[in-house]
Amino acid sequence: MTRPAVIALALSTLVGTAVPAGAASSDAWAELWKQASAACVTASGLKDAKAAKPIDFSDKVLVVIDGRWPQPHMKNAAAQFACLYDKRAKTAEATEVMR
C-alpha cells in the first residue's frame, strides 16, 4: 500500500470513529435531562420540588433540587438536595445539602 493510501485510510478511520462520539442530538440530551430531573425530584421527597439545570459527568448527572420539607414538624421549611442520577442504571440518589 502506498503512503498516500495509508494516510487516506487512517484519516477515514479517524473520521469514522469521531462522528459517533459527537452524534448525540439535542433531543437526546434534553431527554436525559428530563429523566434525570424527574428521578431526582422524586428521590428528594420534597414538595414543590424544582430541579436546577443538570450537570453532566461521564456516567452520572448531578441535579440540585430545591423544595420544601413535607413533614408537618418541619413547618414547610426550605430544603436543598444534591442528587446523582446514574445514566446506566437509571436510578437517582439524593441527599440534603447542609447550609
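Coordinates for the structure precede this section.
Worth saying up front: this structure is predicted, and the values here are computed from it rather than measured.

Draft legend 1. Expanded view of the side chain of Ser 37. Here Ser 37 shows up in helix H2 (residues 26-44). When near neighbours in sequence (up to four residues on either side) are disregarded, Ser 37 contacts Ala 51, Pro 54 and Val 63.

Draft legend 2. Highlighting the pattern of salt bridges. Counted according to the given criterion, the structure contains 4 salt bridges. Taking the shortest distance from any N to any O, the salt bridge between Asp 59 and Lys 60 comes out at 3.8 Å. Relative accessible area serves as the criterion here: at 27%, Asp 59 is assigned to the partly exposed category. A salt bridge links Lys 60 to Asp 86; the nearest nitrogen and oxygen atoms lie 3.5 Å apart. Placement of Lys 60 in strand E3 (residues 60-68) and of Asp 86 in strand E4 (residues 78-86) is noted, with a sequence separation of 26 residues between them. Take Asp 86: its relative accessible area is 18%, and that puts it in the buried class.

The rules behind these values
- Residues numbered from 1 in each chain as written.
- Predicted model: local features only at pLDDT ≥ 70, side-chain atom pairs only at ≥ 80, totals over all residues.
- Heavy atoms only, no water.
- Helix = DSSP H or I, 4+ residues; strand = E, 2+ residues; numbered from the N terminus.
- Contact = heavy atoms within 4.5 Å.
- Salt bridge = Lys/Arg side-chain N within 4 Å of Asp/Glu carboxyl O.
- Buried < 20%, exposed > 50% of the residue type's maximum accessible area, 1.4 Å probe, protein only.

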